[in-house]
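# A closer look at the structure
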Amino acid sequence: MSVAPVSVIRLGQEKARTSPWRGDDMTALLSPAPDAPLLSGPFVRHCLETLAGQGFVRVVTAALSPLEQAGFLAAGFGVEQDLRLLGIDLRTLAVVVPAGPRLRRVPRRRRAAVLAVDNAAFAEFWRFDERALEDALEATPRVRFRLTGGRATVTAYAVSGRAGRRGYVQRLAVHPDHQGHGLGRRLLMDGLRWMADEGVVRAYVNTQTTNDRALALYEAVGFEEEPIGLSVLSTGLA
């Protein structure tokens, strides 16, 4: 499995990460580097000029908070998709993993099967490619990557992460043919139990405002909407 390369654009103290968006060589993903200051409008415009010079015709961002969006909006970006951000206090949650199929670690040789589930579960704009999956696995210092299914098939998978006292449900996908059987809840609760064991105090997840099935699952477990949501921004390049 080949993974699209990630580039870093720098100007002074500011820097951002870029890579092709979901395998589309004409669209770039632009996101703030995790250890850099908030990006300014002039720096974002510098990034757009750089990406245009590389042949890209469109740019989308990672999911950004309102504070992170300011420099992008100043550079001409608009909202592509709004997301709901939900959180849960693990100190008050009785984390019980429902009975069900065995949860297995995901070896690299099974990542193609995992991506097939992801592509079946999500609309085209949100589907993971190899680079997006790699980014999810590298987004936090500690990660848990589990699947359900046999040796020949994958029916669902989840990526959970921890950074300090915060936890993140990075990805949760169930193949449409296997939805409604509790696989998503089992994987979600497994990730939350792992976070609690790791000392996480609060866990977060974001999802599309129209993803009613996912929202119902998260809210049933005890997640509550955060006062500030997230947005994916986009712009075209001349």
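Structure first, text after, so check above.
Residues numbered from 1 in each chain as written. Predicted model: local features only at pLDDT ≥ 70, side-chain atom pairs only at ≥ 80, totals over all residues. Heavy atoms only, no water.

## Some remarks on the overall build of the protein
Rules: What counts as a helix is a DSSP run of H or I of at least four residues, what counts as a strand is a run of E of at least two, and both are numbered from the N terminus. Under the scheme applied here, a residue whose accessible area is under 20% of the maximum for its type counts as buried, over 50% as exposed, and between as partly exposed, the area being computed with a 1.4 Å probe on protein chains only. Using a 1.4 Å probe, accessible areas were evaluated by the Shrake-Rupley method; residue-level cover was limited to the displayed protein chains. Residues counted as positive are Lys and Arg, residues counted as negative are Asp and Glu, and His and the chain ends are not counted. Just so you know, the charge point we use is NZ for Lys, CZ for Arg, CG for Asp and CD for Glu.
Looking only at helices and strands, one finds 6 helices and 12 strands in the protein. In terms of its C-alpha atoms, the protein occupies a principal-axis envelope of roughly 55 × 40 × 30 Å. For the protein, the residues scored as buried account for 48% of the 238 residues in total. When the accessible surface of the protein is split by element, carbon and sulfur atoms take 48% of a total near 11,800 Å². Distance from the positive charge centre (30 side chains) to the negative charge centre (25 side chains) of the protein: 9 Å.

## Observations regarding the packing of helix H5 (residues 183-197) against helix H6 (residues 212-221)
Our working rule: Orientation is described by axes fitted as lines to C-alpha atoms, over the contacting stretch for helices, and by angles from 0 to 180 degrees between their N-to-C directions. In what follows, roughly perpendicular refers to angles from 65 to 115 degrees, roughly parallel to angles under 35, roughly antiparallel to angles over 145, and oblique to any angle outside these ranges. Each crossing gets its hand from how the near helix is turned against the far one by less than a right angle, where anticlockwise is left-handed and clockwise is right-handed. Contacts are assigned to residue pairs that have any heavy atoms within 4.5 Å of one another. Classification convention: Asp, Glu, Lys, Arg as charged; Ala, Val, Leu, Ile, Met, Phe, Trp, Tyr, Cys, Pro as nonpolar; all other residues, Gly among them, as polar.
Here H5 crosses H6 at 50°, and the two axes come no closer than 11 Å. Considered as vectors, H5 and H6 are oriented oblique to each other. H6 is crossed by H5, and the crossing has right-handed handedness. Contacts between H5 and H6 involve Gly184, Arg185, Leu188, Met189 and Leu192 on the former and, on the latter, Leu217, Tyr218, Ala220 and Val221. Here the contact of H5 with H6 is built from residues that sort into 7 nonpolar, 1 polar and 1 charged.

## Quick look at the nonpolar core
Looking at soluble globular proteins, one finds that nonpolar side chains tend to be buried together. Condition: Among buried residues, those of type Ala, Val, Leu, Ile, Met, Phe, Trp, Tyr and Cys that are joined through side-chain atoms within 4.5 Å constitute a nonpolar core.
Ranked by internal contacts, the top residues of the largest apolar core, which has 27 residues, are Leu188, Leu192 and Phe223. Elements represented by at least two residues in this core include exactly strand S5 (78-89), strand S8 (156-163), strand S9 (166-174), H5, strand S10 (202-208) and H6. It is H5 that provides the largest number of residues to this core, a total of 7 residues. When neighbours within four sequence positions are excluded, Leu192 is seen to be in contact with Leu90, Leu93, Val95, Ala203, Val221 and Phe223. Grouped together as the second largest cluster of nonpolar side chains are 26 residues, Val114, Leu115, Phe128 and Ala132 included.

## Examining the pattern of salt bridges
Note the threshold: Any Lys or Arg side-chain nitrogen found within 4 Å of a carboxyl oxygen on Asp or Glu counts as a salt bridge.
Counting across every chain of the model gives 13 salt bridges. Here Arg58 and Glu80 are joined by a salt bridge, their closest N and O atoms 3.0 Å apart. Of this pair, Arg58 sits in strand S4 (residues 58-61) while Glu80 sits in strand S5, and the two are 22 residues apart along the sequence. We note a salt bridge from Glu198 to Arg142, for which the minimum N-O separation is 2.7 Å. Within this pair, whereas Glu198 is found in the loop between H5 and S10, its partner Arg142 is found in strand S7 (residues 142-148), the two being separated by 56 residues in sequence. On the basis of relative accessible area, Arg142 is assigned to the partly exposed category, the value being 38%. Through salt bridges with shared partners, a single network forms among Arg17, Arg131, Asp135 and Glu138.

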